[in-house]
Amino acid sequence: MNIDFPFQIDHSKRTATTGDEDHVRDLIEQLIFTAPGERVNRPTFQMVFAPNSAELAAAVQFLVQGALQQYLADVIQVSSVQVDGVDSTLRVQVDYVLRRTQQPATAQFTTVA
């Protein structure tokens, strides 16, 4: 059973659940948008909280790739991470393979600084 993110109550007044593929996407989203020090026992678990620039895009690409391999390697195999910074928008695209099913997937996230 995978609890849906963000946490919510479903139509039957129970904790909402989600499928494996959506759950993995939720895990990636949580990894990218977690503030430094926000996660107990994972003080370095962090990503996108800085002004947008070309340097930030390059750093985020490196950090996301490393964090995915460190924290989610048992769930996914990362194929590529692409980060684009345009004006005040930072766009992150993660291409990966679900280890359990060997199905390729893509997750895209956008944040505005």
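As a reminder, the structure under discussion sits directly above these lines.
The structure presented is a predicted model; accordingly, all values stated were derived computationally and were not measured.

### Observations concerning helix α2 (residues 54–72)
For the α-helix, the turn length of 3.6 residues means that residues three or four positions removed from each other point alike.
Alright, step 1. Taking 1.5 Å of rise per residue, 19 residues should cover 27 Å, and α2 covers 26 Å from first to last C-alpha, within 8% of that figure.
Alright, step 2. Residues of α2 that are buried in the fold lie against α1 (20–32), β3 (76–86) and β4 (89–98).

### Overview of the pattern of salt bridges
Alright, step 1. In total, this model carries two salt bridges according to the counting rule given.
Alright, step 2. Residues Asp-20 and Arg-100 are paired through a salt bridge, measuring 1.9 Å at the closest nitrogen-oxygen approach. Of this pair, Asp-20 sits in helix α1 while Arg-100 sits in the loop between β4 and β5 (104–112); the two residues are 80 residues apart in sequence, bridging distant segments of the chain.
Alright, step 3. For Asp-20, a relative accessible area of 38% corresponds to the partly exposed category.
Alright, step 4. Taking relative accessible area as the criterion, Arg-100 reaches 68% and is therefore assigned exposed.
Alright, step 5. Here Arg-25 ties to Glu-29 by a salt bridge, and the two come within 3.1 Å at their closest N and O atoms. Of the two residues, Arg-25 and Glu-29 both sit in helix α1, four residues apart, roughly one turn of that helix.
Alright, step 6. A residue is classified by how much of its surface remains accessible, and Arg-25, at 27% relative accessible area, is partly exposed.
Alright, step 7. Judged by relative accessible area, which is 23%, Glu-29 ranks as partly exposed.

How each quantity is defined
- The numbering scheme is per chain: residues are counted from 1 as the chain's sequence reads.
- Only residues with pLDDT of at least 70 get local features here, since the model is predicted, and only at 80 or more are side-chain atom pairs given and counted; chain-wide, interface and lining totals rely on the full set of residues.
- Calculation of side-chain values draws on the structure's entire complement of heavy atoms; hydrogens and water are dropped beforehand.
- In DSSP terms, a helix is any run of H or I states spanning at least four residues, a strand is any run of E spanning at least two, and both are numbered starting from the N terminus.
- Multiplying one less than the number of residues by 1.5 Å gives the expected span of a helix.
- The criterion used for residue contact is that any of the two residues' heavy atoms lie within 4.5 Å.
- Put simply, a salt bridge is a Lys or Arg side-chain nitrogen that is within 4 Å of an Asp or Glu carboxyl oxygen.
- Partly exposed describes any residue whose relative accessible area lies between the buried limit of under 20% and the exposed limit of over 50%, with all areas from a 1.4 Å probe on protein chains only and scaled to the type maximum.

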